[in-house]
Amino acid sequence: MNKMRVGVIGGGLMGKEVASAFGRWFVLQDFPVQAELVAVCDVQESVREWFRRVPTVKQLTAHASEVFANPEVDVVYIAVPHHLHESLYIEALRAGKDLLAEKPFGIDLAAAIRIREVAKETGRFVRCSSEFPFMPGALRVMDAVKNGGLGRLLEIRSGFHHSSDLDPLKPVNWKRQVKFCGAIGVMGDLGMHTIHVPFRLGYKPTRVYAQLQKIYHERPDGKGGMAPCDTWDNALLHTDVAVDGNDVPARFEMKRLAPGETNSWFIEVFGTDGGVRYNTKEPKTLHLFERGKEQAWKRLELGHQMAFPVITGGIFEVGFPDILLQMWASFAAERAGLLGHRLGCVTPDEAVASHELFAAALLSHETKTVQLVF
Ligand SMILES: NC(=O)c1ccc[n+]([C@@H]2O[C@H](COP(=O)([O-])OP(=O)(O)OC[C@H]3O[C@@H](n4cnc5c(N)ncnc54)[C@H](O)[C@@H]3O)[C@@H](O)[C@H]2O)c1
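Residues numbered from 1 in each chain as written. Predicted model: local features only at pLDDT ≥ 70, side-chain atom pairs only at ≥ 80, totals over all residues. Heavy atoms only, no water.

*Asks:* Help me get a handle on the sheet that holds strand S3 (residues 59–61), residues and values and all.
*Replies:* Spatially, 6 strands are ordered S3-S2-S1-S4-S5-S6 in an open sheet, and the strand pairing comes out parallel. Lying at the two open borders of the sheet, with one neighbouring strand each, are S3 and strand S6 (126–128). Recorded for the sheet is a direction-independent mean angle of 25 degrees between the axes of neighbouring strands. Note: strand S1 (residues 2–9) against strand S2 (residues 33–41), 8 bridges, orientation parallel. In the sheet register, Val-8 faces S2, and the bridge partner there is Val-40. (Pairing = 2+ DSSP bridges. Helix = DSSP H or I, 4+ residues; strand = E, 2+ residues; numbered from the N terminus. Axes fitted to C-alpha atoms, helices over the stretch in contact; angles between N-to-C directions.)

Here is the structure:
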């Protein structure tokens, strides 16, 4: 069996989630690759200590270069603040490691292009993280579009909504400061999740008009004072995508302040004959529109129908750890040349294209004009 030995750089929120995916890799059925977390790097000692509970981890270090130099590591997953993406991704690739990058794949468009260049030059296998399309409902949306029958496309809407920033007393963190998160702000934070499925369906924006909002300009710094909070909080990107020679309106929504939305990822595609709508707020439910003699929205209850079969019962609910495992299975399968017809992770070209959209959105908002994207 193919083995994939992984090193994690950045053991924060996502580094730990990823460790949990490798800890239950054996639930994947007849999967051709065996994955193991063998090395972890984090600059914080308390974070490194946490990883002592993972028995397969043999290397714990504060220096990423030590993981990159480790011949026992095949793949690195790098989950650090955005201003560190470019230098660490490029160092990993030059050291000969394959890479599952985190979004937004560099702090800005120029960084994303440079990372893609090094990926090409080194020939390493590189993909970027985006796990929500592995929800069974999201996969069914893609099937519905690919199978046709929607008629002439009317509208596409895709988004990711959070709400905890509604609280003005929520302390600041690196995701809320431009120097660490990037000038694209919430688009860098939530945007990759929003574009993965539309881009994969061929819905690439040609024009964008963006509305960006900064709501709170400072937040508690956690030490009794206040700190600047200068990132864009909410972004609405009104775009045109060309489908079968027609311009179709597509709206991409990324919000940190959306009342009541804790982690709602959604996509809707409507046509004259059919439509499909899915939101992780109702994780089991797929809404399908059919226009026959009468018009009807059908509500379909889904179970645990994953792209990569697991031992979990077919009627059980799917959650975040399940889709993260699926995303990693997709990465491992594609890396081994065994993806077949299944969904692959975001490619470097798609990541660069997302940055092209976000850069155009910044300019659009600044100038209050429509901007060409590609
Ligand atoms: N795919 C998703 O659903 C998802 C969700 C959240 C965040 N992210 C992305 O993951 C990345 C990390 O976000 P997070 O929420 O895990 O952040 P986090 O702040 O929770 O964790 C980042 C970790 O990186 C460590 N770190 C900082 N500099 C380092 C260095 N030079 N070397 C090694 N470790 C270093 C920090 O000590 C911290 O433990 C970001 O790119 C973010 O956009 C993805």
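*Asks:* Give me the packing of aromatic side chains: which residues, what numbers.
*Replies:* Inspection of every chain in the model, using the stated rule, returns 14 aromatic pairs. On the numbers, 5.1 Å between centres and 55 degrees between planes, the contact of Phe-125 with Phe-331 is tilted. In this pair, Phe-125 is assigned in the loop between helix H5 (109–122) and S6 and Phe-331 in helix H9 (residues 320–335), connecting sequence segments 206 residues apart. Judged by relative accessible area, which is 15%, Phe-125 ranks as buried. Given a relative accessible area of 0%, Phe-331 falls into the buried group. Taken together, the ring pairs connect Phe-22, Trp-25, Phe-31, Tyr-77, Phe-125, Phe-308, Trp-328 and Phe-331 into an aromatic cluster. Directly above the ring of Trp-232 sits Lys-214, whose terminal nitrogen or CZ lies 4.4 Å from the centroid. (Phe/Tyr/Trp six-rings, centres within 6.5 Å; stacked < 30°, edge-to-face > 60°. Buried < 20%, exposed > 50% of the residue type's maximum accessible area, 1.4 Å probe, protein only. Lys NZ or Arg CZ within 6 Å of the ring centre and 35° of its normal.)

*Asks:* Describe in detail the nonpolar core, supporting the description with residues and values.
*Replies:* Membership of the largest hydrophobic core comes to 118 residues, with the highest contact counts inside it found for Met-4, Leu-37, Ile-78, Phe-105, Leu-237 and Trp-328. Top element by residues in this core is H9. It accounts for 9 residues. Apart from residues no more than four positions distant in its own chain, Leu-237 is found in contact with Met-187, Val-208, Tyr-209, Ala-210, Leu-212, Ala-250, Arg-251, Phe-252, Met-254, Leu-357, Phe-358 and Ala-361. (Core = buried A, V, L, I, M, F, W, Y, C linked by side-chain atoms within 4.5 Å. Contact = heavy atoms within 4.5 Å.)

*Asks:* I'd like to hear about H5, residue by residue, with values.
*Replies:* In this model H5 runs 20 Å from its N-terminal to its C-terminal C-alpha over 14 residues, within 8% of the 20 Å that 1.5 Å per residue would give. Of all the residues in H5, the buried ones are Ala-111, Ala-112, Ile-115, Arg-116, Val-118 and Ala-119. The buried residues of H5 occupy one face: seen down the axis, they fall within an arc of 160 degrees. With respect to the buried face of H5, the exposed residues turned more than 90 degrees away are Lys-120 and Glu-121. Buried residues belonging to H5 abut helix H4 (85–94), S6 and helix H10 (348–367). (Expected span 1.5 Å × (residues − 1). Arc of directions from axis to C-beta.)

*Asks:* Explain the pairing of strand S15 (residues 285–291) to me, using residue names and the numbers behind them.
*Replies:* Counting buried positions along S15 gives 5 out of 7 residues, so the element sits mostly inside the fold. As defined by bridge partners, strand S14 (residues 274–279) adjoins S15 across 5 bridges and the pair is classed as antiparallel. Directly across from Val-276, in S15, lies its bridge partner Leu-288. Taking the residues that link successive antiparallel strands as the turn, the S14-S15 hairpin has 5 residues. One ladder, built from 7 bridges, connects S15 with strand S16 (residues 295–301); its direction is antiparallel. For Arg-291, the partnering residue across the bridge sits in S16 and is Gln-295. Hairpin connection, S15 to S16: the antiparallel pair is bridged by 3 residues.

*Asks:* An account of the site of the ligand is needed here, citing residue identities and associated values.
*Replies:* Every one of the 23 residues lining the ligand counts as a neighbour, but Asp-42, His-82, Lys-103, Glu-131 and Lys-175 are closest to it. Residue Glu-131 places a side-chain N or O atom 2.4 Å away from an oxygen atom belonging to the ligand. With the chains in place, 85% of the 840 Å² that the ligand exposes on its own is no longer accessible. (Near = heavy atom within 4 Å. Polar contact = N/O pair within 3.5 Å; in protein donor to acceptor, adjacent residues only side chain to side chain. Areas by Shrake-Rupley, 256 points an atom, 1.4 Å probe, with all protein chains shown as cover.)

*Asks:* Which residues make up the layout of surface pockets, and what are the values?
*Replies:* The space that makes up the largest pocket amounts to roughly 970 Å³. Lining of the largest pocket is provided by 44 residues; of these, Leu-13, Met-14, Lys-103, Trp-174 and Lys-175 occupy positions nearest its centre. When residues of the lining of the largest pocket are traced back to their parent elements, those giving at least two are helix H1 (13–23), H4 and helix H8 (186–200). Among the elements that make up the lining of the largest pocket, the one with the highest residue count is H1 (4 residues). Of the residues assigned to the lining of the largest pocket, the class counts are 18 nonpolar, 15 polar and 11 charged. If you go around the second largest pocket, you meet 15 residues; those closest to its centre are Leu-139, Asp-143, Ala-307, Arg-342 and Leu-343. Counting residues per element, the lining of the second largest pocket draws most heavily on helix H6 (residues 136–146), which supplies 6 residues. (1 Å grid on protein atoms, 1.4 Å probe; cavity = no way out; pocket = protein on both sides within 12 Å on 5 of 7 lines; lining within 4 Å. Points joined across faces, edges and corners; volume = space filled by probe spheres on them. Nonpolar A, V, L, I, M, F, W, Y, C, P; charged D, E, K, R; others polar.)

No statement about biological role is implied by the geometric values presented.
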